[in-house]
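Fold and contact review
Here are the chains, one letter per residue:
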Amino acid sequence: MFFAQQQHHHLSSNSISISSVTTKRIRQSRRTFSTGRTAVVRAAGAADGGDGNVKFANNKAEWDAVTGGNDGLIAVQISTKTCGPCKVIYPTFVGLSEEFAEKATFVKIMGDTDTESRALMKEWGVRVVPLFMLWKNGEKIAEWSGAKPDVLRENVTSAM
C-alpha cells in the first residue's frame, strides 16, 4: 500500500484509464495486457467508486449468509438502482466500512433487484430509500433515512 498524489493516467487503445486521489490509500497489483503493456491496477476504494468492505445481500438467503451468527454491529444501507441520494451517500458508507472493518459489518441491499429483493423490502416495511439500519445481537437497534454523511457517521459510531 502507498499514498498516491493526484494524477491521471490514460493508456492507449485496448487499455484502461487509471486515476488516483491525493493522499488516498490504495492497493495495487500489476497486470499485463495482450499488447505487452504492463499497468498498475488499483483495488477500488471509497473515493473512486469501489465497494471497500461492503458486503451485498439482495434477498433473505443472502442476508442470512452475510449476517448469520454475527452478534456484532451490522450497518445496512438499502438502495435502489435509480435512487440519486443513495448514490451520493454510498461513498461515505464505503469509507466507514474501511475505517471500521474490525468493528462492524457493512451490508448493502439493492431493493429493486428482483422479486426476492422486493419481498425482503416488503417484509421489512421499507418505504423510502436510502434507508439505513443498525443491527446488534440479531436485533434492529436503529433505523433512519436520508443522505446526510454526518448523521450516518454519528449513528454508526455511537452504536459501537
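Our subject is the structure that appears above.
Structure report, in brief. Quick caveat: nothing in here was measured; it's all calculated off a predicted structure.

Scanning the chain from terminus to terminus reveals 4 helices and 10 strands. Walking the chain from its N terminus toward its C terminus, one meets helices and strands in the order β-β-β-β-β-β-α-β-α-β-α-β-β-α. For the chain, the residues scored as buried account for 38% of the 160 residues in total. Here the analysis covers contacts within the chain between residues at least 6 apart in sequence; of these, 56% occur between residues at least 24 apart. Per element, the accessible surface of the chain, about 9400 Å² overall, is 49% carbon and sulfur.

Let us look at the nonpolar core. Counting 17 residues, the largest nonpolar core has Phe93, Phe106, Leu134, Leu152 and Val156 as its most contacted members. Those elements that provide at least two residues to this core are β7 (73-79), α2 (84-99), β8 (104-110), β9 (131-136) and α4 (149-159). Tallying contributions element by element places α2 first for this core, with 5 residues. Setting aside anything within four residues of it in sequence, one finds Phe106 in contact with Asn53, Val54, Lys55, Ala75, Phe93, Leu96, Ser97, Phe100 and Val156.

Another point: the packing of aromatic side chains. The tally for this structure, following the rule as stated, stands at 7 aromatic pairs. Relative to Trp124, the ring of Trp63 has its centre 5.1 Å away and its plane inclined at 85°; by these criteria the two rings are edge-to-face. On the criterion of sequence distance, the pair formed by Trp63 in helix α1 (residues 60-67) and Trp124 in helix α3 (residues 115-124) is long-range, its members being 61 residues apart. Neither Trp63 nor Trp124 differs from the other in exposure class; each is buried. Judged by centre distance (5.3 Å) and plane angle (75°), the ring pair of Phe93 and Phe106 falls under edge-to-face.

Right, let's talk about the environment of Ala119 for a bit. Relative to the elements of secondary structure, Ala119 occurs in helix α3. The exposure class assigned to Ala119 is partly exposed, which follows from its relative accessible area of 44%.

Three or more residues of α3 are buried, namely Ser117, Leu120, Met121 and Trp124. When α3 is viewed along its axis, its buried side chains cluster within an angular range of 100° and face the same direction. Exposed residues pointing more than 90 degrees away from the buried face of α3 are listed as Thr115, Lys122 and Glu123. Looking at the buried side of α3, the elements it contacts are α1, β7, β8 and β9. If you check the start of α3, you find a side-chain oxygen 3.1 Å away from the backbone N of Glu116, and it comes from Asp114. The positive-phi residue at the C-terminal boundary of α3 is Gly125, with phi of around 75°.

Thresholds, definitions, all that
- Residues numbered from 1 in each chain as written.
- Predicted model: local features only at pLDDT ≥ 70, side-chain atom pairs only at ≥ 80, totals over all residues.
- Heavy atoms only, no water.
- Helix = DSSP H or I, 4+ residues; strand = E, 2+ residues; numbered from the N terminus.
- Buried < 20%, exposed > 50% of the residue type's maximum accessible area, 1.4 Å probe, protein only.
- Contact = heavy atoms within 4.5 Å.
- Areas by Shrake-Rupley, 256 points an atom, 1.4 Å probe, with all protein chains shown as cover.
- Core = buried A, V, L, I, M, F, W, Y, C linked by side-chain atoms within 4.5 Å.
- Phe/Tyr/Trp six-rings, centres within 6.5 Å; stacked < 30°, edge-to-face > 60°.
- Arc of directions from axis to C-beta.
- Polar contact = N/O pair within 3.5 Å; in protein donor to acceptor, adjacent residues only side chain to side chain.

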